[in-house]
Amino acid sequence: MSNKVVCGFLAACFAVGALAAPVQAESFFTVRRTFGLLFLGTSAVLAKRAVDFHRDANRTFEQYELASNARQAEELFQRTSDRDTKSQMSAGLSAVLLVSGLRLLLSSGVDDNIPKMWRGLRPEPRKLSLKLQSDVQKKQVGVAVTKGF
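Small disclaimer: the values here were computed from a predicted structure and weren't measured. (Residues numbered from 1 in each chain as written. Predicted model: local features only at pLDDT ≥ 70, side-chain atom pairs only at ≥ 80, totals over all residues. Heavy atoms only, no water.)

**Considerations on the overall build of the protein**
Here is step 1: Summing up its helical and strand segments, the protein has three helices and two strands in all.
Here is step 2: When the elements of the protein are put in sequence order from the N terminus, they spell out α-α-α-β-β.
Here is step 3: Within the protein, contacts between residues separated by at least 24 positions form 51% of all contacts whose residues are at least 6 apart in sequence.
Here is step 4: As displayed, the protein offers around 11700 Å² of accessible surface, 62% of which is attributable to carbon and sulfur atoms. (Helix = DSSP H or I, 4+ residues; strand = E, 2+ residues; numbered from the N terminus. Contact = heavy atoms within 4.5 Å. Areas by Shrake-Rupley, 256 points an atom, 1.4 Å probe, with all protein chains shown as cover.)

**Notes on the pattern of salt bridges**
Here is step 1: One pass over the structure, following the stated rule, counts six salt bridges.
Here is step 2: Notably, a salt bridge pairs Lys48 with Asp52, separated by 2.9 Å at the nearest N-O pair. Remark: Asp52 and Lys48 occur in helix α2 (residues 31–65); sequence separation between them is four residues, near one turn of the helix.
Here is step 3: Note on Lys48: relative accessible area 28%, which makes it partly exposed.
Here is step 4: Residues Glu75 and Arg71 are paired through a salt bridge, measuring 3.6 Å at the closest nitrogen-oxygen approach. Pair noted here: Glu75 and Arg71 are both in helix α3 (residues 70–106), with a separation of four residues, about one helical turn.
Here is step 5: In this structure Glu75 comes out as partly exposed when scored by relative accessible area, which is 47%.
Here is step 6: Residue classification places Arg71 among the exposed positions, given a relative accessible area of 64%.
Here is step 7: Ionic contacts of the salt-bridge type, sharing partners, join the residues Asp56, Arg79, Asp82, Arg83 and Lys86 into one network. (Salt bridge = Lys/Arg side-chain N within 4 Å of Asp/Glu carboxyl O. Buried < 20%, exposed > 50% of the residue type's maximum accessible area, 1.4 Å probe, protein only.)

**Considering a nonpolar patch on the surface**
Here is step 1: On the surface, Leu130, Leu132, Val141, Val143 and Val145 cluster together into a nonpolar patch covering about 560 Å² of accessible area.
Here is step 2: Broken down by element, the residue count for the nonpolar patch peaks at three residues, all from strand β2 (residues 140–147). (Patch = residues over 30% accessible without salt bridge, like charges linked within 9 Å, V, L, I, M, F, W, Y side chains within 5 Å.)

**Regarding the packing of α2 against α3**
Here is step 1: Packing of α2 against α3 brings their axes to within 7 Å, and their N-to-C directions diverge by 160°. In terms of orientation, α2 and α3 fall into the roughly antiparallel class. The handedness of the crossing between α2 and α3 is left-handed.
Here is step 2: Grouping the constituent residues of the contact of α2 with α3 by class yields 21 nonpolar, twelve polar and seven charged. (Axes fitted to C-alpha atoms, helices over the stretch in contact; angles between N-to-C directions. Parallel < 35°, antiparallel > 145°, perpendicular 65-115°, else oblique. Left-handed = near helix turned anticlockwise from the far one by under 90°. Nonpolar A, V, L, I, M, F, W, Y, C, P; charged D, E, K, R; others polar.)

**With respect to the packing of aromatic side chains**
Here is step 1: Tallying each qualifying case throughout the model produces three aromatic pairs.
Here is step 2: Taken together, a centroid distance of 5.5 Å and an interplanar angle of 35° make the contact between Phe61 and Tyr64 tilted. Remark: Tyr64 and Phe61 occur in helix α2; sequence separation between them is three residues, near one turn of the helix.
Here is step 3: Note on Tyr64: relative accessible area 28%, which makes it partly exposed.
Here is step 4: Ring pairing ties together the aromatic residues Phe61, Tyr64 and Phe77, which thus form one cluster.
Here is step 5: Over the ring of Phe53 we find Arg49, and its NZ or CZ is 4.7 Å from the ring centre. (Phe/Tyr/Trp six-rings, centres within 6.5 Å; stacked < 30°, edge-to-face > 60°. Lys NZ or Arg CZ within 6 Å of the ring centre and 35° of its normal.)

**With respect to the environment of Ala57**
Here is step 1: Position of Ala57 relative to the elements: it lies in helix α2.
Here is step 2: Residue class for Ala57 comes out buried when judged on its relative accessible area of 1%.
Here is step 3: A sequence separation of 19 residues divides Ala57 from Leu76, and the C-alpha atoms of the two residues are 9.4 Å apart.
Here is step 4: Aside from chain neighbours lying at most four places away, what touches Ala57 is Thr80, Arg83 and Asp84.

Written out as structure tokens, the structure reads:
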């Protein structure tokens, strides 16, 4: 049944994302939407793993309480601790991916039409200058790049 829940969750996420698609004849799968859906799917998988690790930790702790010798008890306690840590890490990462995926899906059409600009430094000598300053006594080196507009 857990696979059905995950598939249903992914289908619902896809349907919600499809409703937000613009009417224009452009591709639905923009970079933001694709990564948003990937993040949501990964979040669901990690949430399921977190639940599985938590259940395993609880079962192992019950075995720990019934352990017959100290060596067995120590091994079971270490395994319980390991599973609890994995459960917490999976849940935390799942929450981060869920928030990131939702943010990407909800803001997918906001700035898609911003023109791409070349953001590098243009090698024009009259507009670009490089200043290098050093002080041996203070053991400092300073570099400044200035660009005129």
